[in-house]
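These are the residues of each chain, in order.
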Amino acid sequence: FVPTMGNLHEGHIKLVEEAHKYADVVITSIFVNPMQFGQNEDLDAYPRTFEADCDKLKAADNHAVFYPKATDVYPNGLDAQTYVEVPDTEHT
């Protein structure tokens, strides 16, 4: 399983190729996760290139694409999610 937010580049494809070394079936997700965007970051501006991404994945012999909607992943909405904050994880 290769998790991505789409807008695939060569590094993503290398991960798919590497996954083939360890698994008979390779599935890649394309999910622009709204939880990964801060208040001042523009979720709507993130590039969405699904068709081009699928073409790249097909060329890399990816077996399936998991392409959920935010409502599939967060059926109760973002406000109902639990957050974990780990102290002292910042590098100085």
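Structural data are supplied above this passage.
In this text the structure is predicted, and so the values were computed from the model without any measurement.

Let's shift gears to the nonpolar core. The biggest cluster of nonpolar side chains holds 9 residues, and these are Val-2, Leu-8, Ile-13, Val-16, Ala-19, Val-26, Ile-30, Leu-57 and Ala-60. Sequence-distant contacts of Val-16, defined by excluding residues within four places in its chain, comprise Val-2, Val-26, Thr-28, Leu-57, Ala-60 and Asn-62.

The final tally for this structure, using the stated rule, is 1 salt bridge. Notably, a salt bridge pairs Glu-18 with Lys-21, separated by 3.0 Å at the nearest N-O pair.

Attention now moves to the sheet that holds strand E2 (residues 27-30). Paired through their backbone hydrogen bonds, the strands of a sheet run either parallel or antiparallel. Strand order across the open sheet formed by 3 strands is E1-E2-E3, with parallel pairing between neighbours. Each edge of the open sheet is held by one strand with a lone partner, namely strand E1 (2-4) and strand E3 (64-66). On average, each strand axis in the sheet is tilted by 25 degrees relative to the strand beside it, whichever way the strands run. Judged from the 3 bridges that link them, E2 and E3 form a sheet pairing that is parallel. Bridge pairing links Ile-27 to Ala-64 in E3. Seen against the sheet, helix H2 (residues 50-59) touches E2 and E3 and runs at an angle of roughly 165 degrees to E2.

This part takes up the environment of Pro-47. For Pro-47, the location among the structural elements is in the loop between E2 and H2. As for Pro-47 and Val-26, which are separated by 21 residues in sequence, their C-alpha atoms are 24 Å apart.

Once that is clear, we can look at the packing of aromatic side chains. Working definition: an aromatic ring pair is given by the centre-to-centre distance plus the angle between the planes. Evaluation of the coordinates by the stated rule reveals 3 aromatic pairs. Ring geometry for Phe-37 and Tyr-46: centres 5.9 Å apart, planes at 80 degrees, overall edge-to-face. Classification of Phe-37 by relative accessible area gives buried; the value is 17%. Classification of Tyr-46 as partly exposed rests on a relative accessible area of 22%. When the ring of Phe-50 is compared with that of Tyr-67, the centres are 4.0 Å apart and the planes differ by 25 degrees; the resulting orientation is stacked. Here Phe-50, found in helix H2, pairs with Tyr-67, found in the loop between E3 and helix H3 (70-73); they are 17 residues apart in sequence, far enough to count as distant. By relative accessible area, Tyr-67 is classed as partly exposed at 47%.

The next point concerns the side chain of Asn-33. Relative to the helices and strands, Asn-33 is located in the loop between E2 and H2. Taking the relative accessible area as the measure of exposure, Asn-33 reaches 12% and is therefore buried. A polar contact is formed between the side chain of Asn-33 and the backbone nitrogen of Met-35, at a distance of 2.9 Å.

Scoring rules and cut-offs
- Residues numbered from 1 in each chain as written.
- Predicted model: local features only at pLDDT ≥ 70, side-chain atom pairs only at ≥ 80, totals over all residues.
- Heavy atoms only, no water.
- Core = buried A, V, L, I, M, F, W, Y, C linked by side-chain atoms within 4.5 Å.
- Buried < 20%, exposed > 50% of the residue type's maximum accessible area, 1.4 Å probe, protein only.
- Contact = heavy atoms within 4.5 Å.
- Salt bridge = Lys/Arg side-chain N within 4 Å of Asp/Glu carboxyl O.
- Pairing = 2+ DSSP bridges.
- Helix = DSSP H or I, 4+ residues; strand = E, 2+ residues; numbered from the N terminus.
- Axes fitted to C-alpha atoms, helices over the stretch in contact; angles between N-to-C directions.
- Phe/Tyr/Trp six-rings, centres within 6.5 Å; stacked < 30°, edge-to-face > 60°.
- Polar contact = N/O pair within 3.5 Å; in protein donor to acceptor, adjacent residues only side chain to side chain.

The analysis is restricted to geometry; functional conclusions fall outside its scope.
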